[in-house]
Amino acid sequence: MTEERKCEICGKGFIPNKYRPNQSVCSSVECQYQRQLTNMAKWRGRNPNYFRYKETRDSSWRETCRSRSLEWRKKHKEYLKLYRDAHKERHRNYMRDYMREYRKRKGLDQGQAEKGE
Ligand SMILES: [Zn+2]
C-alpha cells in the first residue's frame, strides 16, 4: 500500500498520506504552498467572475473586507511601533555596552603602551 511516488513539484519521492491516496505533491511546506497557489490559479481560471461578482453584488462583504484590512493595518502599525520602540531600546543598550567596551579597551591599550615605553 505504501508505494513511493514522485512529487509533482520538487520531483522527490514521497509516501502518500493513506487518507489522501490521490496525493501528488509531497508534504514539504514549499511544495504544499506551490500546490495551493496552483490550485488557486486553476480555481480562478474556472471561476473568472467570482471575485467581481462578489464585489459588485455583495457590498457588505466588501465592507467587511475593507474594515478587516483597516483593522489589520491599525494593528500592524501598533505592532510596528512596539517593535521599533523595543528595537530602539535594544540598540541603545547595545551601543552603550559597545562604547563602554570600546573605552575600556582603549584605556587598556593606552595604559599598556605607556607602560611599555
Ligand atoms: Zn515536493
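Up top you'll find the structure we're talking about.
Each value, and the rule that gives it
- Throughout, a residue's number is its position along its own chain's written sequence, starting from 1.
- pLDDT decides what is reported in this predicted model: residues at 70 or higher carry local features, side-chain atom pairs at 80 or more are listed and counted, and totals for whole chains, interfaces and linings draw on all residues regardless.
- Only hydrogens and water are set aside; all other atoms, that is, all heavy atoms of the structure, feed into the side-chain values.
- Helix and strand definitions here come from DSSP, where helices need a minimum of 4 consecutive H or I residues and strands a minimum of 2 consecutive E residues; each element is numbered from the N-terminal end.
- Three labels apply to residues, based on accessible area from a 1.4 Å probe with only protein chains included: buried if under 20% of the type maximum, exposed if over 50%, partly exposed otherwise in between.
- In these tables, accessible area is a Shrake-Rupley quantity obtained with a 1.4 Å probe, and a residue counts as shielded only by the protein chains included in the view.
- As used here, the term nonpolar core means buried Ala, Val, Leu, Ile, Met, Phe, Trp, Tyr and Cys residues forming a set that is joined through side-chain atoms within 4.5 Å.
- Contact criterion: two residues are considered in contact whenever any of their non-hydrogen atoms come within 4.5 Å of each other.
- Only nitrogen, oxygen and sulfur atoms qualify as donors, provided they sit within 2.8 Å of the metal or within 3.2 Å for Na, K and Ca; with water excluded from the atoms, sites may seem incomplete.
- Key to geometry: four donors with every angle between 85 and 135 degrees are tetrahedral; four donors are square planar and six octahedral where opposite donors lie over 155 degrees apart and all remaining angles lie between 65 and 115; all other sites are irregular.
- Two distance rules govern patches: like charges are joined within 9 Å, and nonpolar side chains (Val, Leu, Ile, Met, Phe, Trp, Tyr) within 5 Å, applied only to residues with over 30% relative accessible area and no salt bridge.
- Between Lys or Arg on one side and Asp or Glu on the other, a salt bridge is scored when a side-chain nitrogen of the former is within 4 Å of a carboxyl oxygen of the latter.
- Classification of ring pairs uses Phe, Tyr and Trp, with its six-membered ring standing for Trp, and accepts pairs whose centres are within 6.5 Å; under 30 degrees between planes counts as stacked, over 60 as edge-to-face, and the remaining range as tilted.
- In the analysis that follows, any N or O atom pair within 3.5 Å is treated as a polar contact, provided that within protein one partner can donate a hydrogen and the other can accept it, and provided that, for residues neighboring in sequence, both atoms belong to side chains.

Draft legend 1. Highlighting the overall build of the protein chain. Of regular secondary structure, the protein chain possesses three helices and two strands. In the protein chain, the succession of α and β elements from N to C terminus is β-β-α-α-α. In the protein chain, buried positions account for 7% of the 117 residues. For the protein chain, the exposed area adds up to about 11300 Å²; of that, 53% sits on carbon and sulfur atoms.

Draft legend 2. Structural context of the nonpolar core. Within the largest apolar cluster, five residues are counted, these being C7, F14, V25, C26 and C31. Every residue in contact with F14, bar those within four places of it in the chain, is listed here: E3, E4, R5, K6, C7, Q23, S24, V25 and C26.

Draft legend 3. Geometry of the coordination of the zinc ion. Of the protein atoms, only C7 (SG), C10 (SG), C26 (SG) and C31 (SG) coordinate the zinc ion, at distances of 2.3 Å. Angles of 103 to 115° at the metal separate the four donor atoms of the zinc ion, which places the site in the tetrahedral class. Going along the chain, you hit the donors of the zinc ion in the pattern C-x2-C-x15-C-x4-C. Here C10 is found in the loop between β1 (5-6) and β2 (13-14), whereas its partner C31 is found in helix α1 (residues 29-46), with 21 residues between them in sequence. Of the residues examined, C10 reaches a relative accessible area of 35% and is grouped as partly exposed. Judged by its relative accessible area of 4%, C31 falls in the buried class.

Draft legend 4. Expanded view of a nonpolar patch on the surface. On the surface, a cluster of nonpolar side chains totalling about 490 Å² of accessible area is made up of Y94, M95, Y98, M99 and Y102. With respect to the helices, strands and loops of the structure, Y94 is situated in helix α3 (residues 59-116).

Draft legend 5. Seen up close, the packing of aromatic side chains. For the structure on display, the rule yields one aromatic pair. Between Y94 and Y98, the aromatic rings sit 6.3 Å apart at their centres with planes inclined by 25°, giving stacked as the arrangement. Placement of the pair is Y94 and Y98 together in helix α3, with a separation of four residues, close to one helical turn.

Draft legend 6. Seen up close, the side chain of Q23. Among the secondary structure elements, Q23 is positioned in the loop between β2 and α1. Polar contacts involving the side chain of Q23 include one to the main-chain carbonyl oxygen of V25, which spans 3.0 Å. Excluding its chain neighbours within four sequence positions, the residues that come into contact with Q23 are R5, F14, P16, N17 and Q32.

Draft legend 7. Examining the pattern of salt bridges more closely. All chains considered together, the criterion is met by five salt bridges. Its salt-bridge partner being E101, residue K104 comes within 3.3 Å of it at the nearest N-O pair. Residue K104 and its partner E101 are located together in helix α3, separated by three residues, close to a single helical turn. A relative accessible area of 53% means that K104 is categorised as exposed.

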